[in-house]
Amino acid sequence: MNPVTMAEVSRWLPKGVEPNITCFALTGAERRVLRKRRPVRPSEWAERHRVLTMSALQGSWRNSVTPYLAGIMDAWAHNGVEEVVVCKSPQVGCSEAAHNTIGYAIDRAPGPALYVYPDQDTARENSRDRILPMIKSSPRLRSYLTGAEDDEASTRINLQHMPIYLGWARSAARLANKPVRHLVLDEVDKYPETASKREADPISLARKRTQTYKYDRKIWIISTPTVESAPIWQAMMAADAVYHYWVRCPECGAWQRMQFDFIRWPKIEGKSLDHRKILSGKLAWYECAYCGAHWDDEARNRAVRLGEWREIKTGAEIFTYLKAHGPRTVGFHIPSWLSFFVSLSEVAASFLKSKGDRIALRDFWNNYMAEPWVDYQIERSEDRILALRDDRPQGVVPGHGRVAGITAGVDTQDNGFWYEIRAWGYGLTQESWQVKNGFVTSLDALEQVVWGEALLDTEENEHQVELLVIDAMGHRTVEVYDWARAHRGRAFAFKGEATMSKLCDFSFLEFYPGGKGRKRPIPGGLTLLRANVNFFKSRLSSLLEVAPADPGAWRLHAECDAAWAAQMCVEYVNDKGLWECPAGRANHAWDCSVYNLVAAEVRRIKHRPRAAAKKRPVDDRAKRSWVGSSGSWFGR
């Protein structure tokens, strides 16, 4: 704008009025606020302005070290997203990602912020060791400090334009009377049930602080899981959209979600090496599910750097989904094997160390799998099992597009075969519905029951059993082997093992069972399915505790009787942490259910996208352009 002269100003004024102009100069803070700034993603901002001081990799923040965090930080800033839930393993860097977004907010979207930690000591330590150093080590953030020593207290940091409060879950006073725009709830599974005897739970109290900013608030809920009923898993299940991280094989370029089942380690004569040798020698590797390439830790890191987040039901890329559906609450699951800081050998060693030790197994489940543990010593009752019945008659599949796949489990006895056919829903909750169950005396009759006619849902759509798992360990092993060979591709002979290094595995058999010198070759050989039945029995026990109206319930059809329910209540966990059936008690229904869980795991039904059953073609999206891919960002 051209400067205005005094003569020009005089022409605007009434006659006889002399101009009296006072000039004002804007402060540096006012100039920063009023300056038009180019939009920037939080992940981009972090690489420019975040400096790590307490880290194994000190210095400027690099998204390439923990690439999965970049998508989470950017999703946090996406228009419409209010709440980010992260269920994660330790050592994956998620708390630092939350710090990055608060730093971004200080610079780009100011507003009062509140961190809530489990206890007072943790809150003060994080204020002193992480939050203040984050601000002081960054030239951009340091410019917002007031310079007053009193403004850098351990429970409140006053900046020129916003306060940062530190609270803890056991103090209702620290969670009250503070309107905040930015809220970080860290390690929520360590919070007490209530902040005090007369107050609500800490998470609810803290959420109320954001009501003033209900149109532009941003909330983090972060924790390593403990049990299914604890806050982080409940928040994940309640999220509008949940995302898994898909990596890309550096060898063949195939997209896949990394799973523990594909972490391998050396064996000698079928037995795993000692966990200490695997850890010290870094002997474990990850096997590509498509080309079989062996990824060491460095190759794993490359695969993760090429990855992206995808919505679990549709398989859509995260920002495509956010733009199309606008979820308010988004959830992310981060197991340990995605982390640069956790070696594959550490994961394998932890699993092997947990054999026969329920405490160690719980540690592995929570801290490496990043999934909740269930106390499996809950006694089951017949009435509770029968309460899982719905109003469908036997033989009817649930409709409305809820079914992702159908499996069958068969328990072999000398006089016949117990069977159960079960339909499975989409998603990690493993929601399922019993379709048929019963007993037949021959394999021909079993074949007729399972595949003889199509199963119809409530809209008259046809469904087929895609995989049957049949117990082969008993007096009818040869007969079952031959029947499974006749149905290759849709039936597996099965052997359960109390402990094994993987959840499921396959063995190729060349001979029928028999004593030394009496083995007969199996024509064409046989693929024998093996599984850790102790794990799947524990999983079944937890599913049976889910209320019938809740996600993940183990539902039964309306005609399921008390005899079937009684067989579901027999087995218990012994002192060694292994499931055991009392002598003389029938547990066929229980075994059929376990075999169905194994079949669903083998077919990976819970990971199927709801809309697109076809495999996505391999494409090069690792360097996806930002422009036009994710909508706008708040705080512009």
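Above this text is the structure in question.
We now turn to the structure provided with this report.

## A word on the overall build of the protein
Now for step 1: What the protein contains, in helices and strands, is 20 helices and 30 strands.
Now for step 2: Going through the 636 residues of the protein one by one, you find that 54% of them count as buried.
Now for step 3: Roughly 29100 Å² of accessible area belongs to the protein as shown, and the carbon and sulfur atoms make up 50% of that amount.

## Description of the nonpolar core
Side chains of a nonpolar character, in soluble globular proteins, are inclined to be buried together.
Now for step 1: Core analysis: the largest hydrophobic core is formed by 123 residues, its most contacted members being I135, I164, W220, W295, F332 and W554.
Now for step 2: Not counting the four nearest positions on each side in its chain, W295 is found in contact with V247, C249, P250, Q256, M258, W285, Y286, C288, R300, A303 and L344.
Now for step 3: Of all hydrophobic cores here, the second largest spans 33 residues; its members include F417, Y419, V450 and I522.

## Considerations on the sheet that holds strand β28 (residues 554-555)
Now for step 1: Spatially, β26-β27-β25-β24-β19-β20-β21-β28 is the arrangement adopted by the eight strands of the open sheet, whose pairing is mixed. Single-partner strands in this sheet number two, and they are β26 (504-511) and β28.
Now for step 2: Pairing of strand β25 (residues 491-497) with strand β27 (residues 521-532), which is carried by five bridges, proceeds in the parallel orientation. Considered in β27, the bridge of A493 is made with L528.
Now for step 3: Lying over the sheet, helix α16 (residues 443-451) contacts β19 (403-413), β20 (416-425), β21 (432-440), β24 (467-471) and β25, oriented at roughly 15° with respect to β20.
Now for step 4: Of the strands in this sheet, β19, β20, β24, β25, β26 and β27 are in contact with helix α17 (residues 477-486), which crosses β27 at around 95°.

## Things to note about the pattern of salt bridges
Now for step 1: Summed over all chains, the structure comprises 31 salt bridges.
Now for step 2: A salt bridge links R539 to E228; the shortest N-O distance between them is 3.1 Å. Of the two residues, R539 is situated in helix α18 (residues 533-544) and E228 in the loop between β8 (218-223) and α9 (231-238); the sequence distance between them amounts to 311 residues.
Now for step 3: With relative accessibility at 19%, the residue R539 sits in the buried group.
Now for step 4: Through salt bridges that share partners, E497, K502, D505 and R530 make up one connected network.

## Details of the packing of helix α4 (residues 67-76) against helix α12 (residues 318-325)
Now for step 1: Interaxial distance between α4 and α12 falls to 11 Å at its minimum, and their mutual angle equals 15°. Judged by the inter-axis angle, α4 sits roughly parallel to α12. With respect to the hand of their crossing, α4 and α12 are arranged in right-handed fashion. Between α4 and α12, the residues in contact are G71, D74 and A75 and I318, F319 and L322, respectively.
Now for step 2: Looking at side-chain class alone, the contact of α4 with α12 contains four nonpolar, one polar and one charged residues.

## Some remarks on empty space enclosed by the protein
Now for step 1: In total, this model carries five cavities of 30 Å³ or more according to the counting rule given.
Now for step 2: There is about 420 Å³ of room inside the largest cavity.
Now for step 3: Taken together, 27 residues form the lining of the largest cavity, with W365, M369, E371, F535 and K606 sitting closest to its centre.
Now for step 4: For the lining of the largest cavity, the secondary structure elements donating two or more residues are α18 and α20 (588-602).
Now for step 5: With three residues, α18 is the single largest residue contributor to the lining of the largest cavity.
Now for step 6: The residue inventory of the lining of the largest cavity, partitioned by class, reads 15 nonpolar, five polar and seven charged.

## Structural notes on α9
Now for step 1: Buried within α9 are the following residues: I232, W233, A235 and M236. One side of α9 carries all its buried residues, which in axial view fall inside an arc of 160°.
Now for step 2: The inward-facing, buried residues of α9 abut β3 (83-88), β8, β9 (241-248) and β17 (329-334).

## Observations concerning the sheet that holds strand β23 (residues 462-463)
Now for step 1: An order of β18-β22-β23 is seen for the three strands of this open sheet, with the pairing classed as mixed. Two strands close off the open sheet at either side, each with one partner strand: β18 (396-397) and β23.
Now for step 2: Pairing of strand β22 (residues 455-457) with β23 involves two bridges; the strand directions are antiparallel. Along β23, the bridge assignment pairs L455 with H463.

## Topic: the packing of aromatic side chains
Now for step 1: By the definition in use, this model includes 26 aromatic pairs.
Now for step 2: Between W418 and F439 the ring centres are 5.3 Å apart and the planes differ by 55°, which places this aromatic pair in the tilted class. Taken together, the residues W418 in strand β20 and F439 in strand β21 connect sequence positions 21 residues apart.
Now for step 3: A relative accessible area of 22% places W418 in the partly exposed class.
Now for step 4: The structure contains a cluster of three or more aromatic residues connected by ring pairs, namely Y68, Y243, Y245, W309, Y321 and F332.
Now for step 5: Note that R310 overlies the ring of W246, its terminal NZ or CZ placed 4.7 Å from the centroid.
Now for step 6: Sitting over the ring of W554, R422 keeps its end group 3.8 Å from the ring centre.

## What to know about unusual backbone geometry
Now for step 1: You will see that Q91, though not glycine, has its phi angle at about 65°, which is positive.
Now for step 2: Topologically, Q91 is positioned in the loop between β3 and α5 (94-108).
Now for step 3: Look at H400: it is not a glycine, yet its phi comes out positive at around 65°.
Now for step 4: With respect to the helices, strands and loops of the structure, H400 is situated in the loop between β18 and β19.

## As for the environment of A113
Now for step 1: Along the chain, the position of A113 falls in strand β4 (residues 113-117).
Now for step 2: What makes A113 buried here is its relative accessible area of 0%.
Now for step 3: Sequence separation of A113 and R156 is 43 residues, and the distance between their C-alpha atoms is 9.9 Å.
Now for step 4: Contacts of A113, omitting those with residues within four sequence positions, involve I102, M162, P163, I164, Y165, V180 and H182.

About the thresholds
Residues numbered from 1 in each chain as written. Predicted model: local features only at pLDDT ≥ 70, side-chain atom pairs only at ≥ 80, totals over all residues. Heavy atoms only, no water. Helix = DSSP H or I, 4+ residues; strand = E, 2+ residues; numbered from the N terminus. Buried < 20%, exposed > 50% of the residue type's maximum accessible area, 1.4 Å probe, protein only. Areas by Shrake-Rupley, 256 points an atom, 1.4 Å probe, with all protein chains shown as cover. Core = buried A, V, L, I, M, F, W, Y, C linked by side-chain atoms within 4.5 Å. Contact = heavy atoms within 4.5 Å. Pairing = 2+ DSSP bridges. Axes fitted to C-alpha atoms, helices over the stretch in contact; angles between N-to-C directions. Salt bridge = Lys/Arg side-chain N within 4 Å of Asp/Glu carboxyl O. Parallel < 35°, antiparallel > 145°, perpendicular 65-115°, else oblique. Left-handed = near helix turned anticlockwise from the far one by under 90°. Nonpolar A, V, L, I, M, F, W, Y, C, P; charged D, E, K, R; others polar. 1 Å grid on protein atoms, 1.4 Å probe; cavity = no way out; pocket = protein on both sides within 12 Å on 5 of 7 lines; lining within 4 Å. Points joined across faces, edges and corners; volume = space filled by probe spheres on them. Arc of directions from axis to C-beta. Phe/Tyr/Trp six-rings, centres within 6.5 Å; stacked < 30°, edge-to-face > 60°. Lys NZ or Arg CZ within 6 Å of the ring centre and 35° of its normal.

These figures come from the coordinates and say nothing about function on their own.
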